[in-house]
Amino acid sequence: MPKASDFRQLFLISGLVCAATSEPVVCPDSSQWSLRTRAFCNSTHPSLNCLYEETTSTFVQFCTTRPDFQRPGYKFIIRGNIDGIVCEKNRFQPIKFWTNGSSDCILEKTRCDEHGQVIHVESDSTSDRTCRCDYTKGFAFVSQRQNCFCDPSLEDCSCFLKPCSKFQVMTPDYNCINAKDWTGLFKCPVITKTMTTSATTRCPTTTPDMNRSPLMSMVVKKFNALTVTVLIVTTVMLIIVSTTCGTNIKKCCRNLNMTEKELDERYERIKKDELKGNLNMTETELDERSELMRKENIKDRKSNAQRTAKIFRNIKQSKARIDKICVGLITIQAEQKEAMHINNEQMEAISQQRQQSKDRIYQKASGNCGNCLAELMSSTPLQKQLAVSGFYQVSPMLNAVPTYGIIPAESMANPTYITPIMTTSSAPGALTCFP
């Protein structure tokens with residue numbers, strides 16, 4: 001039987017193996033910082049710090065009572081103690097650096113390596129680089145601007161190849177001029193070699209992986225040799241323990257198998273119970289939905305019945321109005337017919353009276369008119385008598401006769417000189433004398 005000291009040695013060796021083969025610390029992203037804080041720190045030390053340690057070239061995380069901060073353009077590292085250094089060349093920190101939210105300067109500088117771009121100003125650790133287009137290669141800004149450069153964090157810095165005519169060159173102001181007109185006096189500065197984006201002067205674009213620095217590789221090499229030794233010793237110890245405790249291990253395996261079977265059976269039972277519960281819930285939901293649909297159907301029927309009754313009432317009212325209009329039209333038509341009938345009767349009576357008057361006139365004209373001539377020969381002039389009576393109109397020839405002259409009988413016998421006037425006197429035979 002193995003002794004207790006053997007087991008203690010085995011656990012100690014296993015701990016060393018875990019320490020030797022464990023992965024290096026990786027600091028969390030700023031979005032995951034609070035989750036790591038809740039998992040790693042406690043209420044007495046609630047502030048999580050994850051900083052780079054220069055001596056081991058690794059990141060170390062630890063908890064403090066309160067966070068610390070550094071001025072813009074700087075960050076914290078561990079040099080025996082927490083110390084502030086300037087941000088790397090390809091990163092910048094425009095605000096305060098806090099230890100409870102980041103492990104490096106928060107922003108990366110713009111590369112200025114797009115088509116036709118070069119670096120204008122490198123800037124410090126608190127601001128981003130500024131870019132411009134390389135006029136020496138014929139590039140100019142796409143958008144019109146007053147400055148010779150652009151801030152990539154605020155505006156578009158795209159460049160395009162601007163064509164110039166033959167025997168022309170592009171100036172630092174991005175204008176095409178003849179080569180002989182080059183004066184050297186321009187608004188924008190001339191691009192020097194240090195401003196170009198060649199392979200020798202281009203700024204680094206990737207963040208250095210501090211976990212793979214030379215110091216870290218040396219540490220890993222040392223740990224590799226130790227790891228191999230520890231693994232060999234551990235394997236030997238496991239072989240010894242397995243041979244001495246074979247029976248117990250078999251029993252443990254049988255118990256594990258039984259436990260797995262029991263777990264599988266329990267899982268199946270739980271799954272069946274869940275399925276039954278889901279079926280019951282499904283039936284209940286179906287009943288509720290059917291009841292809800294039935295209520296909605298009854299409600300729709302009631303509303304439809306009310307609408308139908310309202311439509312029928314409107315139709316009846318419309319029919320009653322139409323009947324009234326038809327009765328009114330029929331009454332108007334009857335009145336019009338009656339009025340036309342009366343007008344026809346009146347016209348017939350008038351035509352009969354005219355015919356009777358004509359008959360009387362012709363009868364008198366055919367008779368003796370001596371009395372009439374005697375009356376006309378009286379002291380009163382004929383023109384005045386006819387004017388006073390109003391029953392005759394005097395012809396132009398009669399008007400030409402003198403007032404007190406004597407009218408010949410031959411002229412009076414001629415009916416064309418005197419035109420009868422038709423009147424509607426109430427007395428029968430109102431028309432007298434000559435026609």
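Colleague: Quick one: what's the story with the overall build of the protein chain, residue by residue and with numbers?
Modeller: Along its length, the protein chain carries eight helices and 16 strands. Within the span of the protein chain, comprising 435 residues, buried residues form 22% of the whole. The long-range fraction of contacts in the protein chain, counting pairs at least 24 apart against all pairs at least 6 apart in sequence, stands at 44%. Element-wise, carbon and sulfur atoms account for 59% of the exposed surface of the protein chain, whose accessible area totals about 31,300 Å².

Colleague: Describe the state of the cysteines, with residues and values.
Modeller: Enumeration according to the criterion identifies eight disulfides in this entry. Put simply, Cys27 and Cys50 are joined by a disulfide, and their sulfur atoms are 1.8 Å apart. In this structure, the disulfide formed by Cys27 and Cys50 twists by about -80° around the S-S bond and is classed as left-handed. Here Cys27, found in the loop between α1 (4-21) and α2 (33-40), pairs with Cys50, found in strand β1 (residues 47-53); they are 23 residues apart in sequence, far enough to count as distant. On the basis of relative accessible area, Cys27 is assigned to the buried category, the value being 16%. Covalently, Cys150 is tied to Cys157 through a disulfide, its sulfur atoms 1.8 Å apart. Its S-S torsion of approximately 135° makes the covalent link between Cys150 and Cys157 right-handed. A relative accessible area of 0% places Cys150 in the buried class. Take Cys157: its relative accessible area is 7%, and that puts it in the buried class.

Colleague: So, the nonpolar core: which residues are in play, and what are the values?
Modeller: By size, the foremost hydrophobic cluster in this structure holds 15 residues, and its most contacted members are Cys133, Tyr135, Phe141, Cys150 and Tyr174. Counting nine residues, the second largest nonpolar core, distinct from the first, contains Trp33, Phe59, Ile77 and Ile85.

Colleague: How would you explain a negative patch on the surface if you had to name every residue and give the values?
Modeller: Side chains of Glu262, Asp264, Glu265 and Glu268 sit close together on the surface and give a patch of like negative charge. Take Asp264: it is sitting in helix α4 (residues 246-366).

Colleague: Provide a residue-level description of the pairing of strand β9 (residues 117-121), including the pertinent values.
Modeller: Most of β9 is tucked away, with four of its five residues classed as buried. Pairing of β9 with strand β10 (residues 130-133), which is carried by four bridges, proceeds in the antiparallel orientation. Bridge pairing in β10 links Val121 to Thr130.

Colleague: Before we move on, could you go through the confidence of the model for the protein chain and cite the residues and values that matter?
Modeller: When pLDDT is averaged across the protein chain, the result is 74; 64% of the residues are at 70 or more. Overall, residues 196-224 carries pLDDT values under 50, and its contacts beyond four positions in sequence, including any with other chains, amount to 42 contacts. Low confidence marks residues 390-435, where pLDDT is under 50. Its contacts with residues over four positions away, or in another chain, come to 68 contacts.

Colleague: A description of the pattern of salt bridges should follow, citing residues and the corresponding values.
Modeller: Taken as a whole and assessed by the stated rule, the structure comprises eight salt bridges. Between Glu122 and Arg129 there is a salt bridge whose closest N-O contact spans 2.8 Å. For Glu122, a relative accessible area of 24% gives the class partly exposed. The exposure class of Arg129 is buried, given its relative accessible area of 1%. Through salt bridges that share partners, Lys75, Glu88, Arg91 and Asp104 make up one connected network.

Colleague: Which residues make up the packing of aromatic side chains, and what values do they have?
Modeller: Each aromatic ring pair is described using two quantities: the centre-to-centre distance and the angle formed by the ring planes. A complete count under the given rule lists six aromatic pairs for this structure. With a centroid separation of 5.4 Å and an interplanar angle of 65°, the aromatic rings of Tyr52 and Phe59 are classed as edge-to-face. Each member of the pair, Tyr52 as well as Phe59, is classed as buried. Ring centres 6.4 Å apart and planes at 85° place the aromatic pair Tyr135 and Tyr174 in the edge-to-face group. Within this pair, whereas Tyr135 is found in the loop between β10 and β11 (139-141), its partner Tyr174 is found in the loop between β13 (168-170) and β14 (176-178), the two being separated by 39 residues in sequence. The exposure classification of Tyr135 matches that of Tyr174, with both residues buried. Ring-pair connections join several aromatic residues into one group, and the members of that group are Tyr135, Phe141 and Tyr174. Here Arg71 stacks its cationic end above the ring of Tyr74, 3.8 Å away from the centre of that ring. When the ring centre of Phe69 is taken as origin, the NZ or CZ atom of Lys96, which lies over that ring, is 4.7 Å away.

So, how was this worked out
- Residues numbered from 1 in each chain as written.
- Predicted model: local features only at pLDDT ≥ 70, side-chain atom pairs only at ≥ 80, totals over all residues.
- Heavy atoms only, no water.
- Helix = DSSP H or I, 4+ residues; strand = E, 2+ residues; numbered from the N terminus.
- Buried < 20%, exposed > 50% of the residue type's maximum accessible area, 1.4 Å probe, protein only.
- Contact = heavy atoms within 4.5 Å.
- Areas by Shrake-Rupley, 256 points an atom, 1.4 Å probe, with all protein chains shown as cover.
- Disulfide = S-S within 2.5 Å.
- Core = buried A, V, L, I, M, F, W, Y, C linked by side-chain atoms within 4.5 Å.
- Patch = residues over 30% accessible without salt bridge, like charges linked within 9 Å, V, L, I, M, F, W, Y side chains within 5 Å.
- Salt bridge = Lys/Arg side-chain N within 4 Å of Asp/Glu carboxyl O.
- Lys, Arg positive; Asp, Glu negative; His and termini not counted.
- Charge placed at Lys NZ, Arg CZ, Asp CG, Glu CD.
- Pairing = 2+ DSSP bridges.
- pLDDT = per-residue confidence, 0-100.
- Phe/Tyr/Trp six-rings, centres within 6.5 Å; stacked < 30°, edge-to-face > 60°.
- Lys NZ or Arg CZ within 6 Å of the ring centre and 35° of its normal.

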